[in-house]
Amino acid sequence: MTQTKELVAINGHISKPEDAKISVFDRGFLFGDAIYEVTRSYGRILFELEAHVDRLFKSAEQIDMRLQMNKAELIGHIYSIYKKLDIDNVFMRIQISRGQGPIGMSGKIPQSVNEVIYMYPFVPIDSSYYTKGAKAFVTSRLRNSKRALDPNIKSGNYLNNVMAFIEGEKQDAFESFMVNDKNHITEGCTSNIFMVKNGVFITPPSDYDILQGITRKIIMKIAPRIGAKVTEEGFDLKTLQNADEVFLTSSTREIVPINNVNGRSWDVSRFSLTKKLTEAYKRYIEEYCESAQKTHPWK
Ligand SMILES: Cc1ncc(COP(=O)(O)O)c(C=O)c1O
């Protein structure tokens with residue numbers, strides 16, 4: 001196959017995105033009965049791929065889905081597909097559905113999982129979001145509770161998030177945040193949230209209805225490198241609006257300062273701790289890539 005810029009691989013079979021097809025009986029399509037992960041690469045290193053694969057396996061375990069490969073095999077498989085592309089910075093999504101079978105809820109379906117890998121050139125968000133900030137909207141929508149559908153299962157069932165996102169989109173928001181039954185903020189549709197108050201980073205607790213974001217975890221690890229403390233603490237919209245700085249985190253967008261939450265605005269050029277943290281995060285990315293380069297299955 002000639003080197004290409006984008007592809008979709010279905011169960012290892014590579015095709016052009018427009019030719020990639022999956023059955024209408026696929027359980028991901030029918031019920032959102034699927035799990036997924038997203039990351040990006042920096043110079044051909046897929047950032048924190050091991051952590052994403054770990055989380056994928058945890059998601060599979062929680063929904064009783066049996067995967068075909070072990071973690072090391074899956075990492076090798078993803079890189080073997082990346083090898084077909086001649087681009088340094090790629091967006092990568094892996095989505096695994098329970099497979100296809102007769103319409104119905106049974107977990108005992110005749111065919112095995114369908115694994116789809118999407119890879120295409122990484123397109124960053126507009127750079128002005130990093131310098132001027134992004135607008136956010138706290139919706140009244142409850143995040144799925146752990147007992148209903150644990151947000152730690154990164155499932156293909158994102159209707160909860162899609163509906164919150166659409167609500168915020170109508171307010172011209174870049175990201176919408178969902179709440180819990182105490183009206184405490186949980187997380188964004190595809191991000192985690194932090195605020196800064198009196199020099200301390202505060203983020204909703206891990207036992208809230210949130211996805212334990214990989215970027216969130218890195219931030220908790222590196223905050224001490226800039227001499228800052230992080231605490232996990234619940235907060236509502238009013239408390240958030242009283243924060244000194246606010247930002248969201250995700251694997252593809254990294255750290256995005258928030259300049260407005262439900263009408264309360266901030267001048268993000270004054271977000272001194274967010275700026276320091278962003279520099280520390282960039283250094284962390286470099287360190288990760290340097291160390292991955294040495295042990296990397298790519299070669
Ligand atoms: C609901 C939700 N929360 C948080 C995140 C951020 O997670 P990560 O930092 O692992 O990308 C995502 C990412 O897609 C998400 O979908």
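Residues numbered from 1 in each chain as written. Predicted model: local features only at pLDDT ≥ 70, side-chain atom pairs only at ≥ 80, totals over all residues. Heavy atoms only, no water.

Chemist: Could you clarify how one ought to interpret the domain arrangement of the protein chain in this entry?
Modeler: The figure often quoted for interface size is the accessible area lost as the parts come together. The domain architecture assigned to the protein chain consists of domain 1 (7-121) and domain 2 (128-286). Each of domain 1 and domain 2 was reduced to a C-alpha centroid, and the two centroids are 26 Å apart. Facing 19 residues of domain 1, the contacting portion of domain 2 comprises 19 residues. Around 1,600 Å² of area is buried between domain 1 and domain 2 when both sides are counted, 58% of it from carbon and sulfur atoms. The largest contributions to the domain 1 side of the interface with domain 2 come from Tyr36, Phe47 and Arg55, which together make up 36% of the buried area. There are zero salt bridges connecting domain 1 and domain 2. Taken together, the connections running from domain 1 to domain 2 amount to eight residue pairs in polar contact (both at pLDDT 80 or more). Secondary structure elements with two or more residues in the side of domain 1 that touches domain 2: strand 3 (34-42), helix 2 (49-62) and strand 5 (90-97). Counting residues per element, the side of domain 1 that touches domain 2 draws most heavily on strand 3, at seven residues. Of the residues contributing to the side of domain 1 that touches domain 2, the split by class is ten nonpolar, five polar and four charged. (Domains from an automatic or database assignment. Contact = heavy atoms within 4.5 Å. Buried area = accessible area lost by both parts, 1.4 Å probe. Salt bridge = Lys/Arg side-chain N within 4 Å of Asp/Glu carboxyl O. Polar contact = N/O pair within 3.5 Å; in protein donor to acceptor, adjacent residues only side chain to side chain. Helix = DSSP H or I, 4+ residues; strand = E, 2+ residues; numbered from the N terminus. Nonpolar A, V, L, I, M, F, W, Y, C, P; charged D, E, K, R; others polar.)

Chemist: So what exactly am I meant to see when it comes to the site of the ligand here?
Modeler: As a structural note, the neighbourhood of the ligand is formed by 19 residues, with Tyr158, Glu187, Ile214, Thr215 and Ser251 the closest of them. At 2.9 Å from an oxygen atom of the ligand is found a side-chain nitrogen or oxygen belonging to Arg55. At a separation of 2.6 Å, an oxygen atom of the ligand approaches a polar side-chain atom of Thr215. Going through the elements one at a time, strand 9 (185-188), helix 7 (214-222) and strand 13 (245-250) are the ones with two or more residues in the shell around the ligand. Residues that form the shell around the ligand fall into these classes: five nonpolar, ten polar and four charged. (Near = heavy atom within 4 Å.)

Chemist: So what exactly am I meant to see when it comes to the nonpolar core here?
Modeler: As a rule of thumb, nonpolar side chains are buried together in soluble globular proteins. Membership of the largest hydrophobic core comes to 53 residues, with the highest contact counts inside it found for Ile78, Met119, Phe201 and Leu277. For this core, the element with the highest residue contribution is helix 9 (residues 272-295), accounting for nine residues. For this core, the domains that each give at least three residues are domain 1 (7-121) and domain 2 (128-286). If sequence neighbours within four positions are ignored, Ile78 has contacts with Leu46, Leu49, Val53, Met92, Ile94, Ile117 and Met119. (Core = buried A, V, L, I, M, F, W, Y, C linked by side-chain atoms within 4.5 Å. Buried < 20%, exposed > 50% of the residue type's maximum accessible area, 1.4 Å probe, protein only.)

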